[in-house]
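Secondary and tertiary structure notes
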Amino acid sequence: LRSLVVSSGINAEYGDVVPFMVPRWLFVCGIIFYFIYRIMSLQGWYISCYALAIFHLNLFIAFLSPKIDPSFEMSESLDDDDGPSLPTNNNEEFRPFIRRLPEFKFWEQTVISTLIAIISTFFDCFNVPVFWPILVMYFFILFFLTMKRQIKHMIKYRYLPFTHGKTKYKDTNKEQPMTEPPESASETPLNPETLIPM
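First, a word on what this report is: a plain description of the structure on this page. Worth saying up front: this structure is predicted, and the values here are computed from it rather than measured. (Residues numbered from 1 in each chain as written. Predicted model: local features only at pLDDT ≥ 70, side-chain atom pairs only at ≥ 80, totals over all residues. Heavy atoms only, no water.)

1. Quick notes on the overall build of the protein chain
Stated formally: A run of DSSP states H or I qualifies as a helix once it reaches four residues; a run of E qualifies as a strand once it reaches two. Both are numbered from the N-terminal end. Any two residues having at least one pair of non-hydrogen atoms within 4.5 Å are treated as being in contact. Accessible areas in this description were obtained via Shrake-Rupley with a 1.4 Å probe; residue shielding takes into account the shown protein chains only.
The secondary structure content of the protein chain amounts to 6 helices and 0 strands. Of the regular secondary structure in the protein chain, the N- to C-terminal order runs α-α-α-α-α-α. A fraction of 89% describes how many contacts in the protein chain between residues 6 or more apart in sequence connect residues 24 or more apart. Of the roughly 16,600 Å² that the protein chain leaves accessible, carbon and sulfur atoms contribute 65%.

Put into structure tokens, the structure is as follows:
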């Protein structure tokens, strides 16, 4: 019962933070910059930095990926007798992009992993001597190849990971609303003597 109360309190705190997306990500940038400053000033813990970068790359790819993989969906529809179903008109219901990793979970995992990496810099057992330029080069090669594959996947299955709602079109046949009253309306002020008393 006590753990239920604690978890509901934590969830209530998370609920208060959810709407503030820009301050949340500014906080993430701040702790990442602090971690990088700490790594550079201590001249060590490059393995922790590399592991954190790989984990963040993994989170970012999950954030950009759809929850249901279109290639899997296409292979299932090809197994059916009817074949793949194509859209028949432009008036179909709008389906937003659903991420494999939602934005808030992405933020939460990024904060937790960065704080763990910062804590690891206080322990010498995580300071494994490595030649860090090789790790940096390997990370950039991995980043380039992974993003290239992800962009090809987006182009092949025609999806964008960022949607802002259904597209709204203007109707050119409707008349513009009148902003001024018609000319027949009197523009003279009312005279209190001509009003009928009640």
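Let us keep going from here.
2. Some details on the side chain of Ser48
Note the threshold: The term polar contact refers here to a pair of N or O atoms within 3.5 Å; inside protein, the definition further demands a hydrogen-donor-capable atom paired with an acceptor-capable atom, and it admits residues adjacent in sequence only when both atoms are side-chain atoms.
The residue Ser48 is located in helix H3 (residues 46-64) in this model. Side-chain polar atoms of Ser48 contact the side chain of Ser120, separated by 3.2 Å.

3. A look at a nonpolar patch on the surface
For the record, the criterion: Only residues whose relative accessible area exceeds 30% and that form no salt bridge enter a patch; like-charged residues are grouped when within 9 Å of one another, and nonpolar side chains (Val, Leu, Ile, Met, Phe, Trp, Tyr) when within 5 Å. Throughout this description, the term salt bridge denotes a Lys or Arg side-chain nitrogen within 4 Å of a carboxyl oxygen of Asp or Glu. Relative accessibility decides the category of a residue: with a 1.4 Å probe and only protein chains considered, values under 20% of the type maximum give buried, values over 50% give exposed, and everything between is partly exposed.
There is a patch of nonpolar side chains on the surface, built from Tyr34, Tyr37, Ile119, Phe122, Phe123 and Phe126 and spanning about 680 Å² of accessible area. If you trace the backbone, Tyr34 turns up in helix H2 (residues 21-42). A relative accessible area of 40% means that Tyr34 is categorised as partly exposed.

4. Here we look at the pattern of salt bridges
Applying the stated rule across the entire model yields 2 salt bridges. Residues Arg24 and Glu103 are paired through a salt bridge, measuring 3.1 Å at the closest nitrogen-oxygen approach. With Arg24 in helix H2 and Glu103 in helix H5 (residues 103-120), this pair connects stretches of sequence that are 79 residues apart. Comparing Arg24 with Glu103, the two get one shared label, buried. A salt bridge links Lys105 to Glu108; its shortest N-O distance comes to 3.5 Å. Taken together, the positions of Lys105 and Glu108, both in helix H5 and 3 residues apart, correspond to about one turn of that helix. Take Glu108: its relative accessible area is 11%, and that puts it in the buried class.

5. Focus: helix H6 (residues 132-157)
This is how it is decided: What a helix is expected to span follows from its residue count: subtract one and scale by 1.5 Å.
The end-to-end C-alpha distance of H6, which contains 26 residues, comes to 38 Å, matching closely the 38 Å that a straight helix rising 1.5 Å per residue would cover. Those residues of H6 not exposed but buried are Leu135, Phe139, Thr146, Met147, Gln150 and Met154. Residues of H6 that are buried make contact with H3. Looking at the residues trailing H6, positive phi occurs at Arg158, about 55°.

6. Here's the deal with the packing of H2 against H3
The test is simple: Structural elements are reduced to axes, namely lines fitted to C-alpha atoms, with helices fitted over the stretch in contact, and the angle between N-to-C directions of any two is expressed from 0 to 180 degrees. Any angle between 65 and 115 degrees counts as roughly perpendicular, while under 35 counts as roughly parallel, over 145 as roughly antiparallel, and the rest as oblique. Definitions for this section: a left-handed crossing has its near helix turned counterclockwise from the far helix by less than a right angle. A right-handed crossing has that turn clockwise.
Between H2 and H3, the least distance of the axes is 10 Å, while the angle of their chain directions is 155°. Looking at the two axes, H2 sits roughly antiparallel to H3. Read as a crossing pair, H2 and H3 show a hand that is left-handed. Facing Ile32, Phe35 and Ile39 of H2, the residues of H3 in contact are Tyr46, Ser48, Cys49, Leu52 and His56.

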